[in-house]
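If you want the building blocks of each chain, they are given just below.
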Amino acid sequence: MTKITANHLGRAAFVYVRQSTADQLLHNPESRRRQYGLVDRARQLGWTTVEVIDDDLGRSGGGINRPGFERLLAAICEGRVGAVFAIEASRLARNGRDWHTLIEFCGLVGTIIVDEDGIYDPRHPNDRLLLGMKGTMSELELSLFRQRSHEALKQKARRGALFLGVAAGYVRIGHDRIDKDPDRRVQDALRLVFTKFTELQSVRQVHVWLRDEGIALPVACHRAAEGRSIAWRLPLYNTVHNILTNPVYAGAYAFGRTMSKVSVEDGRKRINRGLRRPLAEWDVLLKDQHEGYISWSQFERNQQVIADNATGKGSAAVRGAVRRGELLLAGLLRCGHCGRKLYVGYGGKAGRYYCQGALVNHGTERCISFGGLRVDHAVGSEVLRVLKPLGINAAVTALKTETNEISAAQRQLDLALQQARFSAAHARRQYDAIDPDNRLVAGELERRWNEALQVVHRIEGEIAAVEARRPAPLGEKERRHLLQLGADLELAWAHPAATAATRKRILRAALHEIVVRIEGGFIQMILHWQGGDHTALNLKMNGAGKHRWTVPEDTLSLIRELARLMPDQQIARLLNRAGKPTGRGNGWTKARVCSFRSHHGIAVYRESEWAERGEITLEAAAQIVDVSVMTALRMVRRGIIKGRQLCRGAPWVIKVEDMAAYREQKPSRRSLTSDPTQQSFRFQ
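Small disclaimer: the values here were computed from a predicted structure and weren't measured.

Cut-off values and rules
- Residues numbered from 1 in each chain as written.
- Predicted model: local features only at pLDDT ≥ 70, side-chain atom pairs only at ≥ 80, totals over all residues.
- Heavy atoms only, no water.
- Patch = residues over 30% accessible without salt bridge, like charges linked within 9 Å, V, L, I, M, F, W, Y side chains within 5 Å.
- Areas by Shrake-Rupley, 256 points an atom, 1.4 Å probe, with all protein chains shown as cover.
- Salt bridge = Lys/Arg side-chain N within 4 Å of Asp/Glu carboxyl O.
- Lys, Arg positive; Asp, Glu negative; His and termini not counted.
- Charge placed at Lys NZ, Arg CZ, Asp CG, Glu CD.
- Helix = DSSP H or I, 4+ residues; strand = E, 2+ residues; numbered from the N terminus.
- Buried < 20%, exposed > 50% of the residue type's maximum accessible area, 1.4 Å probe, protein only.
- Contact = heavy atoms within 4.5 Å.
- Polar contact = N/O pair within 3.5 Å; in protein donor to acceptor, adjacent residues only side chain to side chain.
- Pairing = 2+ DSSP bridges.
- Axes fitted to C-alpha atoms, helices over the stretch in contact; angles between N-to-C directions.
- Core = buried A, V, L, I, M, F, W, Y, C linked by side-chain atoms within 4.5 Å.
- Phe/Tyr/Trp six-rings, centres within 6.5 Å; stacked < 30°, edge-to-face > 60°.
- Lys NZ or Arg CZ within 6 Å of the ring centre and 35° of its normal.

With that settled, the discussion passes to a positive patch on the surface. A surface patch of like charges, here positive, comprises K156, R159, R172 and R228. Within the fold, R159 resides in the loop between α7 (125-158) and β6 (170-173).

This is how it looks when you write it as structure tokens:
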């Protein structure tokens, strides 16, 4: 008692109260009462001012953030603490850093530490040594407890007998085995999740479908008073994801799927729990331990699909989920030059594929870039060619799916209705068994019965709504049309009801990846099929400024030359007669010819051009030689007069110098035909 001085009693006594876990708070109240009882002991030792710090109830002393302990250290540094009370010194801290910091601060300001074993003054070497040994023993004790517990858990897990919790869809049999839940509604709901994922290939799409159909999923609930029970709720995304990624539904026992990561933030230990580990790093994996809802091979395929859909993970190896957009090969294309995935960009109505990995990572130029329409068409045609023998099977499967789509949702509602009717009947039996004069109990049982009847009425309404939404069964005509589409996959591919998302799923079902390169003006693609085969495709690239609406080169050259011979109106008429449409397949007009010339930099026609070039028309040549136009035409065609014509219907062009040379020859008049008896007529 001599260690307690008037200086200590002149300051306040602080009682530090702590329990490590919420479970201790709930089940160990006596320890908490003992710690609060230290207030009376402090007053018995002479302190009049006693403060209790219990901010750290439910917090571990292993080094995580503890606001109560921080407040205690702050009060010690301010010189307001004469003594720190705890039922045992190790209660103050369970790690060396906090423990020695507390001892150091108490020694500096003269604060003593009091527990049930004695009073310690950190300024005395013997007491300081004893406190240091208590701290070390506390850390060692904690480490030994943790090591023993973990090894015991791992030993039991290696036998597949450790079940800390049982997933929905299974029940515990004894202490070391689980089996399927005998409730058919639970089993059918879980099977429906796996069936829809096989069809939709996306966790989010399964979640959206379940919510749209109003299908609830079983969730395991653990309550201290009631134990384990099953609750039915509309699924969250995490609920669907956990069902699809839990190996227990594949009949496997797994332990150590998650881990904890320790980091230091603001000088304190921070523990992040529940971090997923790769399958290869799981502590225990025992296959075929119990009956599963799917096979292990199907589970592995599902995990691969989920991993491929995770676009936001930053991995260049994944394809990504099917997204919006008209281009069909998003996520399937890989650059053959740098090995990176190709991105998709949309400008206006058309889209392009491009590789910008080098641009982002190294600031260099993009590897490749090309339009998507022709590539999509070529790959789609090749896939249809390969899948053509499977078309009839796909049509038959579609007929079955059309009937199963509604029946799956209705079956879940039928099972829910059976369960609701059982609950209502049970509530009625309870109500009938009670003495009607005991209104306190009868009123409550009547309320429960009414609630059960309301649930039955609500589910019956949902079933009626599903029946109302059920489409009429396909008639013979519709069935024949569907089978026709199966026989002609190209017709089904181009059908207005076939969306881009549907085409993307077909391509992903057939193709694993497409490696694309650009060499010598060709797009070179290697199609990697899901079965392991490969197919090569080559597509010629459009030139600069070329697109599917481009006017052919021969039409461009023709317009360029016709613009030197006639005005726009006549050019339009000539092109229309010649059957040469615009790039979009329209007829030519004066305005379209004018716009085309302006775009290609072709000068407008001038009346004086012929004279400047020394050229005349066929009509002018006929007047010079004093013959009819038809006669002049025959002379040009026989080569008597030199002339040229761009195309059928275009004006004949004759050089003035050629006409001069013809007149200098002064040819004798002779018959223009091969008949020597042909007479010539002159009209006065």
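Alright, that's what it looks like, and here's the rest.
Turning our attention to unusual backbone geometry. Within the chain, D288 stands out as a residue other than glycine whose phi angle is a positive 55 degrees. Counting through the fold element by element, D288 comes out in the loop between β13 (284-286) and α11 (296-309). On the accessibility criterion, D288 (68% relative accessible area) is exposed.

Checked against the element boundaries, R172 lands in strand β6. For R172, a relative accessible area of 37% translates into the label partly exposed. When sequence neighbours within four positions are dropped, the list of residues in contact with R172 reads F163, V166, R177 and I178. From its side chain, R172 meets the backbone oxygen of F163 in a polar contact 3.1 Å long.

Our focus in this paragraph is the side chain of K180. Locating K180 in the fold gives a position in strand β7 (residues 177-180). Note on K180: relative accessible area 12%, which makes it buried. The residues touching K180, leaving out its near neighbours within four places in the chain, are G169, Y170, V171, Q187, R191, E291, G292 and Y293.

Turning our eyes to something else, we now look at the environment of R32. If you trace the backbone, R32 turns up in helix α3 (residues 29-36). Along the sequence, R32 and I87 sit 55 residues apart, while their C-alpha atoms lie 10.0 Å from each other. Excluding anything up to four places from it in sequence, R32 contacts Q19, Q24, L25 and L57.

A word on the sheet that holds strand β14 (residues 333-335). Two orientations exist for strands paired in a sheet by backbone hydrogen bonds: parallel and antiparallel. The mixed open sheet is built from 4 strands, whose spatial order is β14-β18-β19-β20. With one partner strand each, in any of the chains shown, β14 and β20 (534-540) form the two edges of the open sheet. Looking at each pair of strands side by side, their axes are set apart by 25 degrees on average, direction ignored. Here 7 bridges tie strand β19 (residues 522-529) to β20, and the two strands are oriented antiparallel to one another.

All right, on to the pairing of strand β1 (residues 12-16) then. Burial within β1 is extensive, with 5 of its 5 residues counted as buried. Residues A12, F14 and Y16 point to one face of β1 and A13 and V15 to the other, with burial holding for every one of them. Where β1 meets strand β3 (residues 81-85), 4 bridges bridge the pair, whose relative direction is parallel. Looking at β3, one finds that A12 is bridged to V81. The pairing of β1 with strand β2 (residues 50-53) spans 4 bridges and is classified as parallel. When the sheet's bridge partners are listed, V15 is paired in β2 with V52.

It is worth spelling out the nonpolar core at this point. By size, the foremost hydrophobic cluster in this structure holds 38 residues, and its most contacted members are V193, L210, V240, L244 and Y249. At the level of elements, α8 (184-200), α9 (203-213), α10 (237-245), β10 (253-255) and α11 are the ones that each hand at least two residues to this core. No other element matches α8, which puts 8 residues into this core. Leave out the neighbours within four places in its chain, and V193 touches V206, L210, L217, V240, I243 and L244.

This part takes up the pattern of salt bridges. Evaluated as defined, the whole model comprises 26 salt bridges. Note that R613 is salt-bridged to E615, the shortest N-O span being 3.0 Å. Among the ionic contacts, a cluster of salt bridges with common partners joins R564, E609, R613, E615, R644 and K655.

This paragraph deals with the packing of aromatic side chains. On inspection of all chains with the given rule, the structure shows 11 aromatic pairs. Between Y16 and F69, the ring centres sit 6.3 Å apart and the planes meet at 70 degrees, which makes this aromatic pair edge-to-face. Note that Y16 is positioned in strand β1 and F69 in helix α5 (residues 67-77), a separation of 53 residues in sequence. We note that Y16, like F69, is buried. One aromatic cluster is present, built from ring pairs that chain together Y170, F194, Y249 and Y293. The positively charged end of R66 is found above the aromatic ring belonging to F69, 4.3 Å away from the centroid. If you follow K180 out to its NZ or CZ, it ends over the ring of Y293, 4.4 Å from the centre.

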